[in-house]
Amino acid sequence: MTGVFSKRGHFRKNWKSRFFVLELGRLSYFEKENTDEATADTPGNCGIRFLKSLVLRNVGLSHHDDPKMIVLVDRLTHSDLLMKASSVEMAELWRKVIA
């Protein structure tokens, strides 16, 4: 499963478009759609999170009440991964698959 989301930066809290890939128990994201892990060797170009360490946070219970927002919490690092879909339908589909 693939899609383009806005992702909030961890250090700089700005939003940037990222290409996300959900497969084989992991969520990967890249700066560009045609990038893969083998070519994404520049720091900041990609990220990989394993689904077994992620918890889907209920958006309604957080300060992010946008239905297009997906908030994942990494149980290992206690850091948030904020993703914003282009539509409510896309966000709901990804939430269902991640959960």
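Note that the structure is predicted; figures quoted are calculated from it, not measured.

Alternating positions in strand E1 (residues 2-8) separate cleanly, Gly3, Phe5 and Lys7 being buried on one face and Thr2, Val4, Ser6 and Arg8 remaining unburied on the opposite face. Of the strand pairs in this sheet, E1 and strand E2 (residues 15-23) are connected by seven bridges, and their pairing is antiparallel. In the strand pairing of E2, Val4 is matched with Phe19. The hairpin formed by E1 and E2 contains six residues between the paired strands. Where E1 and strand E7 (residues 80-84) come together, two bridges link them in antiparallel fashion. Looking across to E7, one finds that Ser6 is bridged to Lys84.

This part takes up a nonpolar patch on the surface. A cluster of nonpolar side chains, contributed by Met1, Leu93 and Val97, occupies part of the molecular surface with about 240 Å² of accessible area. Take Leu93: it is sitting in helix H1 (residues 88-98). We classify Leu93 as partly exposed; its relative accessible area is 45%.

Rules used in this analysis
Residues numbered from 1 in each chain as written. Predicted model: local features only at pLDDT ≥ 70, side-chain atom pairs only at ≥ 80, totals over all residues. Heavy atoms only, no water. Buried < 20%, exposed > 50% of the residue type's maximum accessible area, 1.4 Å probe, protein only. Helix = DSSP H or I, 4+ residues; strand = E, 2+ residues; numbered from the N terminus. Pairing = 2+ DSSP bridges. Patch = residues over 30% accessible without salt bridge, like charges linked within 9 Å, V, L, I, M, F, W, Y side chains within 5 Å. Areas by Shrake-Rupley, 256 points an atom, 1.4 Å probe, with all protein chains shown as cover. Salt bridge = Lys/Arg side-chain N within 4 Å of Asp/Glu carboxyl O.

Everything listed is a geometric property; what it means functionally is a separate question.
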